[in-house]
Amino acid sequence: MNIDLTDTTSSQINSSLVKARRAAGSPAVGMVLTLIIVTDEGNHYDALKSASQASQEHPSRILVVIKRPGRSPRDRKLARLDAEVRVGGETGTSETVLLRLHGELAHHAHSVVLPLLLPDTPVVVWWPEDAPAHPNEDLLGKLAARRITDASATEDPVSTLALRAETYTPGDTDLAWTRITPWRSVLAAALDQRHAPVESAVVEGEAYNPSSELLALWLADRLKVPVARKVSAGPGLTAVRLTTGEGEICLHRADGSLAALKMPGQPDRHVALQRRETSELIAEELRRLDPDEAFAATVRFGAGRLGKQTIQPETVNGARSAPAAGAPAAGRTPPEPEPEPAKPSAPAHRALEAPRPAPPGPAGSAGSAGSAAPPSPPPPPPGARPLEGVRPQPPRKDPGGPGGPAGRPAL
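Presented here is a report on the structure given in the accompanying data block. (Residues numbered from 1 in each chain as written. Predicted model: local features only at pLDDT ≥ 70, side-chain atom pairs only at ≥ 80, totals over all residues. Heavy atoms only, no water.)

### Digging into the overall build of the protein chain
Inclusion rule: Here a strand is any run of E in DSSP of at least two residues, a helix any run of H or I of at least four, and the numbering for each starts at the N terminus. Should any heavy atoms of two residues lie within 4.5 Å, those residues are counted as being in contact.
Looking only at helices and strands, one finds 12 helices and 17 strands in the protein chain. In the protein chain, the proportion of contacts linking residues at least 24 apart, taken out of those at least 6 apart, comes to 68%.

This is the structure in structure tokens:
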């Protein structure tokens, strides 16, 4: 059911939503979030189509904000709100509201959107094309728990990623990062099977591909090895090569759908790495609305390293960190090396020598209790270190205590 509203208000839009739900026979609201799409007139159709497909997995209220500030001074002075309410049909269990903000109202989109938010549900804002320089400082971005951008839709993706690294706030994410989730999963699973440390890596992909940049940064950050970037014909990411002491691990995708995984000592296998549609990417981002710590660590590590042919890992006191073995799983830190056992200061041949046993003496004699010049000390227990430079002292006798035996050591 579609309802067109011209020169309307947020209150009338809410009334139309209730009327449309009753007419469709679904008065109950079972939506889990509010998705705000900020776009223009030319790109709103594709963005709304992707959001509607993602809403089949996450029922939501979709608010499409289309700003039309106008070109002439007269149009810029106007303030008019046109809306289109869609319930049922292609929207399924979700609700869609197209908001066209004309004139001065285009600069106050948050005041129009705020009364239309679902109560007690999270808010997600998605900019399919041109996102603000600081998404967290945008008035609509402040309403959201998650802010989604897409660096691949900009003219200079590398500069856009550098800006995202500088302005990152918990809750920010980018679809260029979402596109490499299958790659990261396959590589982490492959390294879980090999215990040889990774020495270097190479990432191959199209020029100006932000996903290639993020994958190279992630590998350099997690593995602590240099990662080289190579340009290929595409489409998108084409290969990742990891050099280990046992051989090369290669994940190669030439056609954009099926990849071949090659590991030393194992037969080649095929892995499904289909290039996903935007609707699948949005659905993945809506599954978890908490801050993405792996993305935060990657973009912060990439500040100052983006666009370089070879990405060097961080150094400690001017020396490169040792290569990390195992999978570069997000949130996992390499184990610290165990300290080596302390070596004995005495020579090994002296520690292993067995001292000569002392001849037996009479009970209570000085030879049994110790004398000034004993023949030889008793053998030490296994594993004990010999004492050097210590002369045994004879026990002092009790000075004539009544009933005390001669040679009793003094207390």
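### A word on helix H2 (residues 44-54)
Spelled out, the test is: Under the scheme applied here, a residue whose accessible area is under 20% of the maximum for its type counts as buried, over 50% as exposed, and between as partly exposed, the area being computed with a 1.4 Å probe on protein chains only.
What H2 keeps buried is the set His 44, Ala 47, Leu 48, Ser 50, Ala 51, Ser 52 and Ala 54. In this structure, the buried residues of H2 make contact with strand E2 (33-39), strand E3 (60-68), strand E4 (79-87), strand E5 (95-103), strand E6 (123-126) and helix H9 (278-287).

### A short note on the pattern of salt bridges
Pairing is possible between side chains of opposite charge, provided their charged atoms come close. Basically, it comes down to this: Salt bridge criterion: a side-chain nitrogen from Lys or Arg within 4 Å of a carboxyl oxygen from Asp or Glu.
Considering all chains together, one arrives at 15 salt bridges under this definition. Two residues, Arg 147 and Asp 172, come together in a salt bridge whose shortest N-O distance is 2.5 Å. Of this pair, Arg 147 sits in strand E7 (residues 146-149) while Asp 172 is found in strand E8 (residues 172-174), placing the two residues 25 residues apart along the sequence. Given the relative accessible area of 8%, Asp 172 is considered buried. Through salt bridges with shared partners, a single ionic network connects Arg 21, Arg 61 and Glu 95.

### Thoughts on the sheet that holds strand E9 (residues 198-205)
Convention followed: Pairing between two strands requires that DSSP report at least two bridges joining them.
Taking strand neighbours across the sheet as the criterion, the seven strands line up as E14-E13-E12-E11-E9-E10-E15 in an open arrangement whose pairing is mixed. Every interior strand has two partners, whereas the edge strands, strand E14 (269-272) and strand E15 (310-311), have only one. Looking at chain direction, strand E12 (residues 247-253) and strand E13 (residues 258-262) are connected through four bridges and run antiparallel. Its bridge partner lying in E13, His 252 is registered against Ala 260.

That is the geometry; function is a separate question.
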